[in-house]
Amino acid sequence: MLNLIVLVIFTAVTLFFLNYIVSSVAYAKRSAEIEDSHCLTRAIGAIILSVAVIVALWAQAFYLFFIT
């Protein structure tokens with residue numbers, strides 16, 4: 001039962017971060033069009049951080065389900 005709850009929570013968090021990545025990509029496109037390097041750097045940083053969080057989250061899930 002705990003594994004199912006963890007899987008649901010991890011999936012919800014992943015969907016949240018995927019939505020955040022999509023909005024950051026749109027923000028990066030707009031920033032690139034108006035040549036605003038500060039906003040573009042911020043958007044790319046947000047994308048990289050979000051991808052890192054998703055990878056860490058699912059690495060933890062892999063460990064929880066298959067190693068322990």
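Data block above holds the structure.
Model, not experiment: these values are computed from the prediction. (Residues numbered from 1 in each chain as written. Predicted model: local features only at pLDDT ≥ 70, side-chain atom pairs only at ≥ 80, totals over all residues. Heavy atoms only, no water.)

Caption draft 1: Spatial organisation of unusual backbone geometry. One non-glycine residue with positive phi stands out, namely Glu 35, at about 55°. With respect to the element layout, Glu 35 can be found in the loop between helix H1 (2-33) and helix H2 (37-67). On the accessibility criterion, Glu 35 (73% relative accessible area) is exposed. (Helix = DSSP H or I, 4+ residues; strand = E, 2+ residues; numbered from the N terminus. Buried < 20%, exposed > 50% of the residue type's maximum accessible area, 1.4 Å probe, protein only.)

Caption draft 2: Seen up close, H2. When the terminal C-alpha atoms of H2 are compared, their 43 Å separation across 31 residues agrees well with the 45 Å that a helix rising 1.5 Å per residue should span. When we look at burial in H2, the residues that qualify are Cys 39, Ala 43, Ala 46, Ile 47, Ser 50, Ile 54, Leu 57 and Ala 61. Looking at the buried side of H2, the elements it contacts are H1. (Expected span 1.5 Å × (residues − 1). Contact = heavy atoms within 4.5 Å.)

Caption draft 3: Inspection of H1 at higher detail. Taking 1.5 Å as the rise per residue, H1 with 32 residues should run 46 Å; its terminal C-alpha atoms sit 47 Å apart, in good agreement. Among all positions in H1, only Val 6, Phe 10, Thr 14, Phe 17, Ile 21, Ser 24, Ala 28 and Ser 31 are buried. Those residues of H1 that are buried lie in contact with H2. Of the residues trailing H1, Glu 35 is marked for its positive phi of about 55°.

Caption draft 4: Representation of a nonpolar patch on the surface. A contiguous nonpolar patch, built from Met 1, Leu 4, Ile 5, Leu 7, Val 8, Ile 9 and Trp 58 and spanning about 700 Å² of accessible area, is present on the exposed surface. Sort the elements by how many residues they give to the nonpolar patch and H1 lands first, with five residues. Positionally, Met 1 belongs in the segment before H1. (Patch = residues over 30% accessible without salt bridge, like charges linked within 9 Å, V, L, I, M, F, W, Y side chains within 5 Å. Areas by Shrake-Rupley, 256 points an atom, 1.4 Å probe, with all protein chains shown as cover. Salt bridge = Lys/Arg side-chain N within 4 Å of Asp/Glu carboxyl O.)

Caption draft 5: Focus on the side chain of Ser 31. Here Ser 31 lies in helix H1. Of the residues examined, Ser 31 reaches a relative accessible area of 4% and is grouped as buried. The residues touching Ser 31, leaving out its near neighbours within four places in the chain, are Asp 36, Cys 39 and Leu 40.

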